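# Per-entry structural report
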Amino acid sequence: MQTLRITGGQVLRPDGTVETADVLVDSDEGTILDIAADVDADADETLDADGCLVMPGLVNAHCHVPMTLLRGHADDKQLDAWLQEDIWPAEAELTPEDVRAGAELGLVEMIKSGTTAFADMYFHVPDVVAAIDEAGLRARVGHGVVTIGKDDDDAWDDIDESLDVAREFDGAADGRVRTAVMPHSLTTVGEEYLREVTADAHDDGIPVHYHANETTNEVDPIVDERDERPLEYARDLGMVTDDDFVAHGVHLDDEEISILADAGTGVVHCPASNMKLASGMAPVQQMLDAGVAVGLGTDGAASNNDLDMFDEMRDAAMLGKLAADDASAVAAPDVVQMATAGSADAIGLPGGTLEVGGVADIAVVDFDAPHLTPATNLVSHLVYAARGSDVRHTVCDGEILMRDREVLTLDESAVVARAREAATSLFERV
Ligand SMILES: [Zn+2]
């Protein structure tokens with residue numbers, strides 16, 4: 001058995017407390033063997049955590065990771081115009097090689113900011129999976145389906161691809177990759193397609209992930225046409241179960257919050273994207289109070305514009321207070337929980353806590369920095385003062401992905417160069 005010892009740090013426990021301890025990892029099994037002050041000193045590998053907080057790797061519960069190539073392509077526009085005029089035309093030109101290059105860039109960014117798991121909706125998914133396999137992260141991936149503007153044959157082809165990809169890649173990358181079917185949203189995919197893809201996926205034990213109630217433009221047409229709220233419609237289609245999870249949930253009424261809480265359907269809050277696209281303020285404290293499984297995600301880099309979950313935690317705390325008109329709402333410990341265990345729970349992946357027997361998905365955050373001094377309340381600092389660049393080591397499934405800021409699984413400079421070339425060529429074509 002190969003072992004890894006993370007030594008000299010303080011450890012964030014599942015109850016939110018912090019204690020001085022070492023963490024011993026079974027690198028072969030990818031699990032935590034021990035968390036204690038005096039663990040086995042003869043580990044095969046050691047990571048120094050002196051002056052650091054050892055915490056669960058962050059879980060980015062909603063992303064479109066290859067969109068890193070579109071970072072800065074179009075800003076300062078409403079969601080509908082932004083998608084139709086800028087994003088979709090550029091995406092139509094993306095080759096599988098572009099998607100691979102963009103995914104690798106995003107994965108390097110995630111590793112460097114302490115993210116160890118994520119959920120991803122995109123296309124050319126085999127190329128995304130290949131990048132994840134190489135990078136060493138954990139993910140739930142799916143092929144995003146859009147049927148509006150397509151004839152029936154093309155629409156069914158898109159549905160079939162989402163199911164095929166979900167069946168083929170579930171368990172890929174030594175089990176680190178799980179899948180979902182991912183219809184884009186309740187307004188961009190037609191009713192018969194949603195009903196069919198959901199039934200087929202659930203028959204095979206595959207969850208469904210989609211954007212829901214992101215803007216009023218997504219809510220109003222459903223209310224006008226069907227005289228019911230979007231999540232009532234989704235429930236009728238069978239898309240609101242314990243395994244399913246939605247992104248955004250900005251414009252929810254009380255009944256919809258109850259529907260989500262009763263079903264155990266996860267909601268992934270994406271505060272930066274919601275602010276940048278002026279989509280609105282999600283009722284996060286209300287959802288937490290109702291018992292909804294709330295996770296945290298960056299959304300794609302074109303609407304954020306980075307994949308740094310520390311930024312996202314800060315945004316979630318700030319926006320949650322504004323939305324509730326209450327400075328005590330969406331407090332720091334709740335935000336850390338949302339970005340770790342809450343996200344893992346919402347997307348149905350292991351991780352999000354550091355526990356003996358649990359998976360060894362770990363971020364080691366260096367608190368020896370002026371902007372983190374005095375280090376009196378580490379959980380507060382994680383949300384309000386720390387940055388992704390404060391992460392010193394990243395471990396996923398027991399493997400060291402980054403040691404002392406050096407990414408070990410991907411060649412960072414080559415990845416950045418390939419992404420730069422791919423983006424330059426893409427925008428010459430668009
Ligand atoms: Zn999204």
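The structure we're discussing is the one just above.
Please read all numbers here as calculations on a predicted model, not as lab measurements.

## Comments concerning helix α4 (residues 152-169)
- The end-to-end C-alpha distance of α4 is 26 Å, a good match for the 26 Å that 18 residues give at a rise of 1.5 Å each.
- Among all positions in α4, only Ala155, Asp158, Ile159, Ser162, Leu163, Val165, Ala166 and Phe169 are buried. Looking straight down α4, one finds its buried side chains confined to an arc of 165 degrees; they lie on one side. Exposed residues on α4 whose side chains face more than 90 degrees from its buried face are Asp153 and Glu168.
- On its buried face, α4 is in contact with α3 (125-135), β10 (138-145), β11 (177-179), β12 (182-183) and α5 (191-203).
- By the N-cap criterion, in which a side-chain oxygen at the helix start approaches the backbone nitrogen of a residue two or three places on, α4 is capped by Asp151, the distance to Asp153 being 3.2 Å.
- Looking one or two residues beyond α4, the residue adopting positive phi is Gly171, at roughly 90 degrees.

## Regarding the coordination of the zinc ion
- Note on the zinc ion: its protein donors are His62 (NE2), His64 (NE2), His211 (NE2) and Asp299 (OD). The metal-donor distances range over 2.1 to 2.3 Å.
- Given four donor atoms and angles of 85 to 167 degrees at the metal, the environment of the zinc ion is assigned as irregular.
- Along the chain, the residues donating to the zinc ion fall in the pattern H-x1-H-x146-H-x87-D. Taken as a pair, His211 in strand β13 (residues 209-212) and Asp299 in the loop between β16 (294-296) and α11 (309-324) lie far apart in primary sequence, 88 residues in all. With respect to class, His211 is no different from Asp299; both count as buried.

## Notes on the side chain of Ser273
- On the secondary structure map, Ser273 appears in helix α9 (residues 271-276).
- Each residue touching Ser273, except ones within four places of it in the same chain, is listed here: Glu214, His248, Ser279, Thr298, Asp299 and Ser303.

## Thoughts on the sheet that holds strand β5 (residues 31-36)
- Sheet architecture is open: four strands sit in the order β5-β4-β1-β6, paired in mixed fashion. Each edge of the open sheet is held by one strand with a lone partner, namely β5 and β6 (45-48). Averaged over all adjacent pairs, the angle separating strand axes in this sheet is 20 degrees, with direction ignored.

## A short note on the packing of aromatic side chains
- Scanning all chains against the criterion turns up two aromatic pairs.
- Look at Tyr122 and Phe123: their rings are 4.4 Å apart centre to centre, the planes differ by 15 degrees, and that puts the pair in the stacked class.
- Phe123 gets classed as partly exposed once you look at its relative accessible area, which sits at 22%.
- Between Trp156 and Tyr193 the ring centres are 4.9 Å apart and the planes differ by 70 degrees, which places this aromatic pair in the edge-to-face class. Highlighted residues: Trp156 in helix α4 and Tyr193 in helix α5, separated in sequence by 37 residues.
- Residue classification places Trp156 among the partly exposed residues on the basis of a relative accessible area of 23%.
- Taking relative accessible area as the criterion, Tyr193 reaches 9% and is therefore assigned buried.

## A few points about the nonpolar core
- Judged by nonpolar contacts, the single largest core of 113 residues is most densely connected at Leu107, Tyr210, Met313 and Leu382.
- Residues in contact with Leu107, not counting those within four places in the same chain, are Val65, Phe118, Ala131, Ile132, Ala135, Leu137 and Leu410.
- The next biggest cluster of nonpolar side chains, apart from the first, holds 18 residues, and it includes Ile6, Val23, Val25 and Val395.

## Some remarks on the sheet that holds strand β14 (residues 245-248)
- An order of β13-β14-β15-β16 is seen for the four strands of this open sheet, with the pairing classed as parallel. Each of the sheet's edge strands pairs with one partner strand only, and the pair in question is β13 and β16. Across the sheet, the axes of successive neighbouring strands diverge by a mean angle of 30 degrees, strand direction being ignored.
- Of the strand pairs in this sheet, β13 and β14 are connected by four bridges, and their pairing is parallel. Note that in β14 the partner of Ala212 across the bridge is His248.
- Of the strands in this sheet, β14, β15 (266-269) and β16 are in contact with helix α12 (residues 332-347), which crosses β16 at around 115 degrees.

## Comments concerning the packing of helix α2 (residues 96-112) against helix α14 (residues 412-429)
- The contact between α2 and α14 brings their axes to 9 Å, and the two run at 135 degrees. Relative to α14, the element α2 lies oblique. Read as a crossing pair, α2 and α14 show a hand that is left-handed. Between α2 and α14, the contacting residues are Asp98, Ala101, Glu104, Leu105, Val108 and Lys112 on the first element and Glu412, Val415, Val416, Arg418, Ala419, Ala422 and Arg429 on the second.
- In the contact of α2 with α14, the residues fall into seven nonpolar, no polar and six charged.

## Digging into the pattern of salt bridges
- Across all of its chains, the model carries 25 salt bridges by this definition.
- The partner of Lys77 in a salt bridge is Asp86, with the nearest N and O atoms 2.8 Å apart.
- For Lys77, a relative accessible area of 27% translates into the label partly exposed.
- By relative accessible area, Asp86 is classed as buried at 15%.
- A salt bridge links Asp98 to Arg429; its shortest N-O distance comes to 2.8 Å.

## Considering the pairing of strand β19 (residues 399-403)
- When strand β18 (residues 391-396) meets β19, the two strands line up antiparallel, connected through three bridges. What sits directly across from Thr394, in β19, is Met402.
- Taken together, β18 and the strand that follows it, β19, pair antiparallel across an intervening segment of two residues, in which Asp397 is found at a positive phi of about 55 degrees.
- Bridge count between β19 and strand β20 (residues 406-407): two bridges; the pairing is antiparallel. Residue pairing in the sheet places Arg403 in a bridge with Glu406 of β20.
- What sits between β19 and β20 in their antiparallel hairpin is a turn of two residues, with Asp404 showing a positive phi close to 50 degrees.

The rules we used
- Residues numbered from 1 in each chain as written.
- Predicted model: local features only at pLDDT ≥ 70, side-chain atom pairs only at ≥ 80, totals over all residues.
- Heavy atoms only, no water.
- Helix = DSSP H or I, 4+ residues; strand = E, 2+ residues; numbered from the N terminus.
- Expected span 1.5 Å × (residues − 1).
- Buried < 20%, exposed > 50% of the residue type's maximum accessible area, 1.4 Å probe, protein only.
- Arc of directions from axis to C-beta.
- Contact = heavy atoms within 4.5 Å.
- Polar contact = N/O pair within 3.5 Å; in protein donor to acceptor, adjacent residues only side chain to side chain.
- Donors = N, O, S within 2.8 Å, 3.2 Å for Na, K, Ca; no water.
- Tetrahedral: all angles 85-135°; square planar, octahedral: opposite > 155°, others 65-115°.
- Pairing = 2+ DSSP bridges.
- Axes fitted to C-alpha atoms, helices over the stretch in contact; angles between N-to-C directions.
- Phe/Tyr/Trp six-rings, centres within 6.5 Å; stacked < 30°, edge-to-face > 60°.
- Core = buried A, V, L, I, M, F, W, Y, C linked by side-chain atoms within 4.5 Å.
- Parallel < 35°, antiparallel > 145°, perpendicular 65-115°, else oblique.
- Left-handed = near helix turned anticlockwise from the far one by under 90°.
- Nonpolar A, V, L, I, M, F, W, Y, C, P; charged D, E, K, R; others polar.
- Salt bridge = Lys/Arg side-chain N within 4 Å of Asp/Glu carboxyl O.

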